[in-house]
Amino acid sequence: MANYQAFSASVQGAAHVKKNIVMQDASGKFENEKVKLIAVSDGHGDSSCFRSDRGSRLIVEVGIEELKAFADEMDGKEGELEETKNREIRVRQLIQRIITRWNIEVEKDLENDPVTEEEYQLCSNEAIRESYIKGMNQNGMYGATFLAVLATKNYILALHQGDGRCLMMDQNGQVTYPVPWDDRCYGRNTTSICNRDAAESTRYYYLKTDEKNCPAAVFLSSDGIEDSYRTLELSQCFYRDVCEKLVLDGVESTTKWLLEGELSQVSLEGSGDDMSVAGVADTELVKLLLPLMKKKCDQMACEERARKAKEHLDSMQGKRNYLKKRYDEALEQQKKITDMRVNEAALEAEKARKLNLYEQLEKAASQLRLVEETLKKLRIHKNNYENIEAEYKECEKTIQMMEKGEEAKSQIVQELNQISKEYQEYEERYQRYQKQYDDAMAEADKLKNEQKPTDETELEAQEVKEQESKESESKEQEKAVEECADEVHEEPEKENVDIKTFDEKEASSSISVKEEDEKKIALQKVAIDDYIKDTQM
């Protein structure tokens, strides 16, 4: 294995210092004779990830521990990693263990330090906040990215979840970014270890190493460093400075240099975000590459200065063209003034013409004001006319309705008088018929009470007489009913009623039996009731 040395450093970003936001980045390292380990994590700055500083710290600790265990497990079995299928299985199992361990540590942290109401209020997304309160997807509070490198004498393994960069420099000074990029990471968007597909979407890079195929250095960084430079290539100048510092001063001095000034300065002049960088480097190999790296960085620096100078020149050229245009306009104006010959008479004539035009203008303005006032009055008169016309039409309509109402009222009065007259006539007739009916009923009751047979002989005689006089009595009863009907009503009777007058009933009461009297009384009631009904219809 190359003579690698490991380092890591993280500082709070300039913007976070200004806003009093806790540092959300974390980094770490581990090294012994067999392995060199580095890890970097960038906690998400979204308000829903209000414990991302804890999440980044936990993933760095868990990642280093699991990578150490993986290196121990694969010690002497490195050949299994050379076969693609076995390597895929082994590495995916490693990634799954890291993500699972991280989620377990998150749950422990929530148990030991439950989320307070003040922390919940830090989440601006109401839906996410409610899900946290209900105990769902609470690992989202700890969301962060994760980058790690494991270097042994036989292989190098790099893991990457989210944004940030993994930079590798070979022995020829060629710089590459070996871990495949996730297109979902762009701008301020990134994948995370808190995602449900975190294990599946984590990318990795494997390199079998030997003396000839051994990188000079491998660096990890959070996106704060990359975002501090205009292009990804320009950010390589930062790593050249780090390499130079490692060669000249060693790991401890380089780490101190990064923590105490360099990273903070890059943040201040660049993105303002938290800064994290970690690396493993063979200082002997890097030392050989410094002249080439310096030359390349100097070239990029010159190109950048040339670009800035070109931008400045273009800006100055635009300003120069603007000033030149104004200068030419001033010269043209000066030439016109110089060539102008002032004619006093013409000047006086123009002044007089101006005065005359001013007087005409004032007169026209006065006439215009008069016309406007007249027009205003006409508008008022027009509105009054329209209002009066509307009232007139409404009044006309009302009169027509009232006239129609008088006619209808007169007709109703006539009909009412006619009905009243008819009602009075029928009322008089009804009262007369009612009186006759009451008298007849009283007389019938009287006859009923007086008819009591004295003895059986008398009854037998009455029966004989009744048989003899049945026919004559029937005729007399019919005649009595006809005379009564002609007396109370002039209209022809609707049906023949078998009834006697009151005088005839008295004459025949002495010779009729009790049953015959009751029959006669019933017939009288029926005849009178039918007659009254006929008269009321």
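Residues numbered from 1 in each chain as written. Predicted model: local features only at pLDDT ≥ 70, side-chain atom pairs only at ≥ 80, totals over all residues. Heavy atoms only, no water.

### Considering the overall build of the protein
Moving on, step 1. Looking only at helices and strands, one finds 14 helices and 10 strands in the protein.
Moving on, step 2. Relative to its 537 residues, the protein shows a buried fraction of 36%.
Moving on, step 3. For the protein, the share of sequence-separated contacts (at least 6 apart) that also reach a separation of at least 24 residues comes to 74%. (Helix = DSSP H or I, 4+ residues; strand = E, 2+ residues; numbered from the N terminus. Buried < 20%, exposed > 50% of the residue type's maximum accessible area, 1.4 Å probe, protein only. Contact = heavy atoms within 4.5 Å.)

### Structural notes on the sheet that holds strand β1 (residues 4-11)
Moving on, step 1. Reading across from one edge, β1-β10-β9-β6-β7 is the order of the five strands in this open sheet, with antiparallel pairing throughout. The sheet is open, and its two edges are formed by β1 and β7 (175-176), each paired on a single side.
Moving on, step 2. Direction of pairing for strand β6 (residues 165-169) relative to β7: antiparallel, over a ladder of two bridges. Residue Met 168 lies in a different strand from β7, and its bridge partner there is Thr 176.
Moving on, step 3. Sheet strands touched by helix α9 (residues 236-269): β1, β6, β7, β9 (217-221) and β10 (275-282). Its angle to β1, the strand with the most contacts, is close to 10°. (Pairing = 2+ DSSP bridges. Axes fitted to C-alpha atoms, helices over the stretch in contact; angles between N-to-C directions.)

### Description of the pattern of salt bridges
Moving on, step 1. If you walk through the whole model with that rule in mind, you get 28 salt bridges.
Moving on, step 2. Of the charged contacts, one joins Asp 75 and Lys 34 as a salt bridge, the two residues approaching to 3.0 Å between their closest N and O atoms. Of this pair, Asp 75 sits in the loop between α2 (52-74) and α3 (79-82) while Lys 34 sits in the loop between β2 (25-31) and β3 (36-42), and the two are 41 residues apart along the sequence.
Moving on, step 3. Lys 34 sits in the exposed class, given a relative accessible area of 55%.
Moving on, step 4. As a salt-bridge pair, Arg 92 and Glu 88 come within 3.2 Å of each other at their nearest N and O atoms. With Arg 92 and Glu 88 both in helix α4 (residues 84-112) and four residues apart, this pair spans about one turn of that helix.
Moving on, step 5. The exposure class assigned to Arg 92 is partly exposed, which follows from its relative accessible area of 26%.
Moving on, step 6. Take Glu 88: its relative accessible area is 33%, and that puts it in the partly exposed class.
Moving on, step 7. Each member of the salt-bridge network shares a partner with another, and the members are Glu 65, Glu 66, Glu 73, Glu 80, Arg 90, Arg 97 and Arg 101. (Salt bridge = Lys/Arg side-chain N within 4 Å of Asp/Glu carboxyl O.)

### Some points on a nonpolar patch on the surface
Moving on, step 1. A surface patch of nonpolar side chains, amounting to about 340 Å² of accessible area, comprises Leu 355, Tyr 358 and Leu 361.
Moving on, step 2. Topologically, Leu 355 is positioned in helix α11 (residues 344-450). (Patch = residues over 30% accessible without salt bridge, like charges linked within 9 Å, V, L, I, M, F, W, Y side chains within 5 Å. Areas by Shrake-Rupley, 256 points an atom, 1.4 Å probe, with all protein chains shown as cover.)

### Section: the nonpolar core
Moving on, step 1. Membership of the largest hydrophobic core comes to 42 residues, with the highest contact counts inside it found for Leu 150, Tyr 155, Leu 157 and Leu 159.
Moving on, step 2. Looking at this core, the elements that each hand over two or more residues are β3, α2, α4, β4 (146-151), β5 (155-161), α7 (198-201) and β8 (203-208).
Moving on, step 3. For this core, the element with the highest residue contribution is α2, accounting for nine residues.
Moving on, step 4. With near-sequence residues (within four places) excluded, Leu 150 lies in contact with Val 35, Lys 36, Leu 37, Leu 67, Phe 70, Ala 71, Tyr 155, Ile 156 and Leu 157.
Moving on, step 5. Formed by 26 residues, the second largest nonpolar core is a distinct cluster that contains Val 175, Ala 217, Cys 243 and Leu 263. (Core = buried A, V, L, I, M, F, W, Y, C linked by side-chain atoms within 4.5 Å.)

### Details of the sheet that holds β3
Moving on, step 1. Strands sit in the order β2-β3-β4-β5-β8 across an open sheet of five strands; the sheet is antiparallel. Two strands close off the open sheet at either side, each with one partner strand: β2 and β8. Taking each pair of neighbouring strands and ignoring which way they run, the sheet shows an average axis angle of 5°.
Moving on, step 2. Packed on one face of the sheet, α4 meets β4, β5 and β8 and runs near 50° to β5.

### Topic: the pairing of β6
Moving on, step 1. Burial analysis of β6 places five of its five residues in the buried class, the great majority of the element.
Moving on, step 2. Of the two faces of β6, the one holding Arg 165, Leu 167 and Met 169 and the one holding Cys 166 and Met 168 are both buried throughout.
Moving on, step 3. As paired strands, β6 and β9 are joined by five bridges and run antiparallel to one another. The residue bridging Met 169 from the neighbouring strand is Ala 217, located in β9.
Moving on, step 4. Between β6 and the antiparallel strand that follows it, β7, lie five residues; Gly 173 among them carries a positive phi value of about 85°.

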